[in-house]
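Structure assessment
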Amino acid sequence: MHRVSKIVAAGIATAALTLSLSACGESSTESGGKDKGVGLAFDVGGRDDHSFNEAAARGVDKAEKDFGVKSKMMTAKNGETEADREQRLSSLAEAGYNPVIGVGFNYGKSVNKVAKQFPKTTFGVVDSASQAKNVYGMVFAENEASYLAGVAATLKSKTHKVGFIGGVNNALIQKFQAGFEQGVKDTDPKTKVTSEYLYANDDKGFNDPAAAKGKAKGMLDAGIDVIYTAAGQSGNGSIETVAGKKGTWAIGVDSDQYLQPGLAQYKNSILTSVMKNVDVAVYDLVKSVHDKKPLTGNKSYTLKDDGVRLSTSGGFIKDIQAKIDAAKKKIASGQVKVSETPAKQ
């Protein structure tokens, strides 16, 4: 097997959630089953969350078009257990899907465990590290792209007050917060950043647009005029609220939310989006299996290699692009180190 040499740091955490999987219609042992295509296990919200899941789905869609592979996509529900995840991953592998991909850190443990039971199947996990010979760990420098979002927010704010809304207060979402806050501070120390979370430790934080609406309204009422939300499907509620107030901006996450059909009516209020190229990572893995050279090990998708980036759709950051590019250059060169944990207030 081809191993990726770049090893990522341990201890990565994420907002990804557990899955709900209907039973597969067919089953077969690994040794006798025919590859059915890609098995993709979504976060809550499904592929139409216009964010994280949608990005993973695009990678599979492209693979289907390029290679003619089939796929099985399933959607998560709140509050599932480790046993639920293991059972679902096992069902996909037994049914003949290859690769089997878990979208989110909560699948890190179960993917690595189940993979050992199916050594001929390649597994992938987004936002978690590989700990088995046949697992490909796909992780991202969310903090680096979030830094650029902080630069953009600061330069566009007229009130010198910007906000961050996280879905769940865990280590992964703190990476988004940390990068954003550092980008703001380095651009203008006088600009005030307010960071709040929808839930402390409940995965519902990524599937509660109503909660994000309320949080965003509170920020707007306090004079904040740019809000960056990293909360999966919940972020749609934040974007909708921002779009209802003239002169304010929303910053999207994971996918280019300006281009999402489901958010089209709000697109003129979406300043930019912090994009994680989950689609590229997923496609890389599917292609490698198709080429019979399956990727394993870990790969970190960083700002330097465009694994994460800011979207430019709408042209709203065109006037400040030079300053964003300058900040990107400093990060890529190592001149600026972006923290993965928020500074103590």
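Since we're looking at a predicted model, the values are computed, not measured. (Residues numbered from 1 in each chain as written. Predicted model: local features only at pLDDT ≥ 70, side-chain atom pairs only at ≥ 80, totals over all residues. Heavy atoms only, no water.)

What follows deals with the overall build of the protein. Helix and strand counts for the protein come out as nine helices and 13 strands. Considering the protein as a whole, with its 345 residues, one finds that 58% of them fall into the buried category. Pairs at least 24 residues apart make up 72% of the contacts formed inside the protein by residues separated by at least 6 positions. About 14500 Å² of surface is accessible on the protein, with carbon and sulfur atoms providing 49% of the total. (Helix = DSSP H or I, 4+ residues; strand = E, 2+ residues; numbered from the N terminus. Buried < 20%, exposed > 50% of the residue type's maximum accessible area, 1.4 Å probe, protein only. Contact = heavy atoms within 4.5 Å. Areas by Shrake-Rupley, 256 points an atom, 1.4 Å probe, with all protein chains shown as cover.)

Before going further, it helps to spend a moment on the packing of aromatic side chains. Evaluation of the coordinates by the stated rule reveals eight aromatic pairs. When the ring of phenylalanine 164 is compared with that of tyrosine 197, the centres are 6.0 Å apart and the planes differ by 70°; the resulting orientation is edge-to-face. Here phenylalanine 164 is found in strand β7 (residues 161-168), whereas its partner tyrosine 197 is found in strand β8 (residues 192-199), with 33 residues between them in sequence. For the pair formed by phenylalanine 164 and tyrosine 197, the shared burial category is buried. Taken together, a centroid distance of 5.1 Å and an interplanar angle of 50° make the contact between phenylalanine 180 and tyrosine 228 tilted. Taken together, the residues phenylalanine 180 in helix α5 (residues 171-187) and tyrosine 228 in strand β9 (residues 226-230) connect sequence positions 48 residues apart. (Phe/Tyr/Trp six-rings, centres within 6.5 Å; stacked < 30°, edge-to-face > 60°.)

Turning our attention to the nonpolar core. Among the nonpolar cores identified, the biggest contains 63 residues, and Ile101, Met138 and Phe180 are the most heavily contacted of them. When residues of this core are sorted by domain, at least three fall in each of domain 1 (32-140) and domain 2 (142-275 + 308-332). With residues near it in sequence (within four places) discarded, phenylalanine 180 still touches Ser146, Tyr147, Ala149, Gly150, Ala153, Val162, Gly163, Phe164, Val193, Tyr228 and Ile251. Core analysis: the second largest hydrophobic core is formed by 16 residues, Leu92, Ala95, Val100 and Phe123 among them. (Core = buried A, V, L, I, M, F, W, Y, C linked by side-chain atoms within 4.5 Å. Domains from an automatic or database assignment.)

Attention now goes to helix α3 (residues 108-117). Those residues of α3 lying buried are Gly108, Ser110, Val111, Asn112, Val114 and Ala115. Along its buried surface, α3 packs onto α2 (82-94), β4 (97-103), β5 (123-126) and β6 (135-140).

Sheet architecture is open: six strands sit in the order β8-β7-β9-β10-β11-β13, paired in mixed fashion. Every other strand in the sheet has two partners, leaving β8 and β13 (308-310) as the edge strands with one partner each. Put simply, the sheet's adjacent strands are angled 15° from each other on average, direction ignored. As paired elements, strand β11 (residues 270-276) and β13 share three bridges and run antiparallel to each other. Counted as the bridge partner of lysine 276 is valine 308 from β13. Contacts between α5 and the sheet are confined to β7, β8, β9, β10 (249-254) and β11, with β7 contributing the most and set at about 170° to the helix. (Pairing = 2+ DSSP bridges. Axes fitted to C-alpha atoms, helices over the stretch in contact; angles between N-to-C directions.)

Taken across its nine residues, helix α7 (residues 235-243) has seven buried, putting it largely inside the fold. Considered for burial, the residues of α7 that qualify are Gly235, Asn236, Gly237, Ser238, Ile239, Thr241 and Val242. Against β7, α6 (209-221), β9, β10 and β11 lie the buried residues of α7.

Before going further, it helps to spend a moment on the packing of α2 against α3. Running from amino to carboxyl end, α2 crosses α3 at an angle of 40°, the nearest separation of the two axes being 9 Å. One element, α2, and the other, α3, form an angle in the oblique class. Handedness of the crossing formed by α2 with α3: right-handed. Each of Glu82, Arg85, Glu86, Leu89 and Ser90 in α2 lies in contact with α3, whose residues at this interface are Lys109, Ser110, Val111, Lys113, Val114 and Gln117. In terms of residue class, the contact of α2 with α3 is built from three nonpolar, three polar and five charged. (Parallel < 35°, antiparallel > 145°, perpendicular 65-115°, else oblique. Left-handed = near helix turned anticlockwise from the far one by under 90°. Nonpolar A, V, L, I, M, F, W, Y, C, P; charged D, E, K, R; others polar.)

In the predicted model, the protein carries a mean pLDDT of 88, and the fraction of residues at 70 or more is 89%. Contacts from residues 1-33, a stretch scored under 50 in pLDDT, to residues over four places away or in other chains number 105 contacts. (pLDDT = per-residue confidence, 0-100.)

Right, let's talk about the pairing of β10 for a bit. Of all six residues making up β10, six are buried, and the element is well covered by its neighbours. Pairing geometry for β9 and β10, over three bridges, is parallel. In the strand pairing of β10, tyrosine 228 is matched with isoleucine 251. For the crossover that starts at β9, traverses α7 and ends in the parallel β10, the hand is right-handed. For β10 and β11, the ladder comprises five bridges, and the chain directions are parallel. Residue alanine 250 lies in a different strand from β11, and its bridge partner there is isoleucine 270. (Right-handed = clockwise from strand over helix to strand, strands pointing away.)

Another aspect to go through is unusual backbone geometry. Outside of glycine, negative phi angles account for most residues, and trans bonds account for most peptide bonds. In this structure, the amide linkage connecting asparagine 98 to the following residue, proline 99, adopts the cis form with an omega of 5°. Here proline 99 is to be found in strand β4. Positive phi is not limited to glycine here, since aspartate 127 has a value of about 75°. Residue classification places aspartate 127 among the buried residues on the basis of a relative accessible area of 1%.

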